[in-house]
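Architecture at a glance
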Amino acid sequence: MKKVVRGFYSIAYSVKLCRPDVIAAYPITPQTEIVENLAKMYADGELGNCEYVTAESEFGAASILVGASATGARTFTATCSQGLILMSEVLINAAGMRLPIVLVNTNRALSAPLSIWNDHQDSMILRDAGLMQIYVETNQEAHDMVPVAFKVAENPKVMLPFMINMDGYKLTHAYEPIDLLDQEVVDSFLPPYDPPVYMTTKNPLTFGCYAPPNYYAEFRVVLQNAMERAEKELEKAYKEWAEITGRDWGGHVVTEGVEDAELIAIAMGSLTGMVRNVVSELRNQGKKVGLLKIRTFRPFPAKEIKEILKDVEKILVFERAVSFGYEGPVGMEVKSACFGLTPEFYSFAVGLGGRDVPGEEVMKIINEVYDGKVKQGFHFGTVKPFEEVVV
Amino acid sequence: MVMKITLGGVSKPHSSKTMKTGDWGTEYPVVDEEKCTACKTCEYLCPDACIVVVEKEDGKKVAVPDYDYCKGCGVCFSVCPAGAIKMELKEIYKLEVC
Ligand code: SF4
Ligand code: SF4
């Protein structure tokens, strides 16, 4: 059933259909209305036996979910930015404890200075945490990926936390006609969570106990193996989703016009739509440009990306974050995946702290790279002229 | 024997007891049994629950640290009202610098 709803609701409604057992959350802009919607559903008795816990902080919310997940509950939270990094200590533990917590991160910049607006600095900080990470382009994709996230996180071959990244404001606050899923469709795709191990009051267990140097390394090898299996299992889940719903979002990556492209532009999240429009306009002008949309960021589909980029002359990455002291994180991953190839490489950090990225800017960047007018390497997008002063 | 790596490092409770963590610290507390009044302040405040007042054979009660788990944080030393605890540097950390 199609309904015009905001991004928040598209997530909350999908979470409801996944029949969660425990939701714990702490409000933070621009995530708050996801859990407000869920809290309302809970108050209205629409969430079955689900427990909804209002935590005292994001650290508390994540900790509550670690406990709940260890008892075999299906768990969900949403957060972003400072909230996500406050959760990070717990989430990294959850990955090590192999607890399939699903969270939606409504991407927002990091302080300081304080910014409530969108970029990808928050989730990039958790790159190495052991969480699966995907980035969605639209609210329909976000809506559809919630059941996929639970399915893969709870897959006994995987058992890892799963973070869906959706751009704060750009998606969360936007109205979009959403084909809201039916309960039967979600039920047929997502079975009840069958935890391989869980504790009860009668069968207490210790999760993530101490491992001295003669044991620790093996646990991390096992975590890496789980991520490698996750690459296959997630791919399968994407396919199954397409078959069941008829909505095919593609695999780990999606390409357009890359076969004969001289330049391939790479983007993640909601910016992809803008890059796609510009790329197709340039195609119409006869320029050989293509688009590579990265959907899955962890596990990183390196082999697939290398295969797509193997013959291209120029790679151009649109970054939404910066690893200070080096360059943009997506470009770093792409270059690492392309080791052995010798394309020209360019990356541009755009839209930091929610700055608008107009089509003209995307067009200008692609054209300048295509025409060989900029130096290779990392650049910032449009910044105003400034002078550094003390006060 | 092949090592068994459980999912998420899940283990039976109390297995942490078999993991001796007393080698983490740099210093260790030494209780002066003459000065100790068995007031239990250290026992209540030790963050690792590893200094306990016990009754010795001669009937005298004194605080006894459990070196298998003591982290050498020095809390017991700083809270003891009788000044009965001093912290000593472990042998392996004694380095002669010329
Ligand atoms: S040094 Fe710290 S850990 Fe050791 S017994 Fe004293 S209070 Fe406990
Ligand atoms: S605090 Fe001092 S006096 Fe009191 S029990 Fe501990 S060691 Fe003895």
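Our subject is the structure listed above.
Bear in mind the structure is a predicted one, so any value in this text is a computation, not a measurement.

1. Considerations on the overall build of chain B
Broken down by element type, chain B carries 3 helices and 4 strands. Relative to the 2.2 N^0.38 estimate, which gives 13 Å for 98 residues, the radius of gyration of chain B is 17 Å and therefore markedly larger than a compact globule would have. Considering only C-alpha atoms, chain B reaches an extent of 50 × 45 × 25 Å along its principal axes. When the 98 residues of chain B are sorted by exposure, 29% land in the buried category. Of all intrachain contacts in chain B linking residues separated by at least 6 positions in sequence, the fraction that spans at least 24 positions is 66%. Roughly 6,800 Å² of accessible area belongs to chain B as shown, and the carbon and sulfur atoms make up 57% of that amount.

2. Focus on the side chain of Gln31(A)
All names here are of chain A. Inspection of the secondary structure assignment puts Gln31 in the loop between strand 2 (22-25) and helix 2 (32-43). Separated by 3.4 Å, the side chain of Gln31 and the backbone oxygen of Tyr26 make a polar contact. Residues within four places of Gln31 in sequence aside, it is in contact with Phe8, Tyr26, Ala78, Thr79, Cys80 and Thr106.

3. A few points about empty space enclosed by the protein
All names here are of chain B. In total, this model carries 4 cavities of 30 Å³ or more according to the counting rule given. The space that makes up the largest cavity amounts to roughly 90 Å³. Along the walls of the largest cavity sit 14 residues, with Cys36, Cys39, Cys42, Ala63 and Cys80 positioned nearest its centre. Taken together, the residues of the lining of the largest cavity sort by class into 11 nonpolar, 2 polar and 1 charged.

4. Side note on the nonpolar core
Residues and elements named next belong to chain A. By size, the foremost hydrophobic cluster in this structure holds 52 residues, and its most contacted members are Ile11, Leu38, Phe76, Met132, Val148, Phe162 and Ile164. In contact with Phe76, not counting residues within four places along its chain, are Ile11, Val15, Val22, Ile23, Ala24, Ile34, Leu38, Leu65, Val102, Leu103, Val104 and Phe150. Formed by 26 residues, the second largest nonpolar core is a distinct cluster that contains Ala61, Ala70, Leu99 and Leu205.

5. Here we look at the sheet that holds strand 13 (residues 314-319) of chain A
Residue and element names in this part refer to chain A. If you trace the 6 strands from one edge of the open sheet to the other, you get 9-11-10-13-14-15, paired in mixed fashion. The sheet is open, and its two borders are formed by strand 9 (253-256) and strand 15 (377-380), each paired with just one other strand. The mean inter-strand angle of the sheet, taken between neighbouring strand axes irrespective of direction, is 20 degrees. With 4 bridges connecting them, strand 14 (residues 344-349) and strand 15 associate as parallel partners. Note that in strand 15 the partner of Ser347 across the bridge is Phe378. Packing against the sheet, helix 11 (residues 329-337) makes contact with strand 10 (263-267), strand 11 (289-294), strand 13 and strand 14, and its axis sits at approximately 150 degrees to strand 13. Taken strand by strand, helix 12 (residues 359-370) contacts strand 10, strand 11, strand 13 and strand 14, and its axis lies near 155 degrees from that of strand 13.

6. Some points on the layout of surface pockets
In this structure, the largest pocket encloses a volume near 550 Å³. Lining the largest pocket are 24 residues; nearest its centre among them are Cys209(A), Tyr210(A), Ala211(A), Phe219(A) and Gly9(B). Going through the elements one at a time, helix 4 (81-96) and helix 8 (213-245) of chain A together with helix 1 (15-18) of chain B are the ones with two or more residues in the lining of the largest pocket. Looking at the lining of the largest pocket, its residues break down into 12 nonpolar, 9 polar and 3 charged. Volume-wise, the second largest pocket comes out at about 410 Å³. The wall of the second largest pocket is formed by 15 residues, among which Gln224(A), Met227(A), Glu228(A), Pro299(A) and Phe300(A) lie closest to the centre. Broken down by secondary-structure element, the contributors of at least two residues to the lining of the second largest pocket are helix 8 and helix 10 (302-309) of chain A. With 6 residues, helix 8 of chain A is the single largest residue contributor to the lining of the second largest pocket.

7. Observations concerning the interface of chain A and chain B
Taken residue by residue, the interface counts 20 residues in chain A and 16 residues in chain B. A combined buried area of about 1,500 Å² lies between chain A and chain B, and 73% of that area is made up of carbon and sulfur atoms. When the buried area of chain A at its contact with chain B is split by residue, Thr206(A), Tyr210(A) and Phe219(A) rank highest and sum to 37% of it. The interface formed by chain A and chain B contains 0 salt bridges. There are 5 residue pairs in polar contact (both at pLDDT 80 or more) connecting chain A and chain B. With 5 residues, helix 8 of chain A is the largest single contributor of residues to the side of chain A that touches chain B. Taken together, the residues that form the side of chain A that touches chain B break down as 13 nonpolar, 5 polar and 2 charged.

Thresholds, definitions, all that
- Residues numbered from 1 in each chain as written.
- Chains lettered and ligands numbered in written order.
- Predicted model: local features only at pLDDT ≥ 70, side-chain atom pairs only at ≥ 80, totals over all residues.
- Heavy atoms only, no water.
- Helix = DSSP H or I, 4+ residues; strand = E, 2+ residues; numbered from the N terminus.
- Rg over C-alpha atoms; globule rule 2.2 N^0.38 Å.
- Buried < 20%, exposed > 50% of the residue type's maximum accessible area, 1.4 Å probe, protein only.
- Contact = heavy atoms within 4.5 Å.
- Areas by Shrake-Rupley, 256 points an atom, 1.4 Å probe, with all protein chains shown as cover.
- Polar contact = N/O pair within 3.5 Å; in protein donor to acceptor, adjacent residues only side chain to side chain.
- 1 Å grid on protein atoms, 1.4 Å probe; cavity = no way out; pocket = protein on both sides within 12 Å on 5 of 7 lines; lining within 4 Å.
- Points joined across faces, edges and corners; volume = space filled by probe spheres on them.
- Nonpolar A, V, L, I, M, F, W, Y, C, P; charged D, E, K, R; others polar.
- Core = buried A, V, L, I, M, F, W, Y, C linked by side-chain atoms within 4.5 Å.
- Pairing = 2+ DSSP bridges.
- Axes fitted to C-alpha atoms, helices over the stretch in contact; angles between N-to-C directions.
- Buried area = accessible area lost by both parts, 1.4 Å probe.
- Salt bridge = Lys/Arg side-chain N within 4 Å of Asp/Glu carboxyl O.

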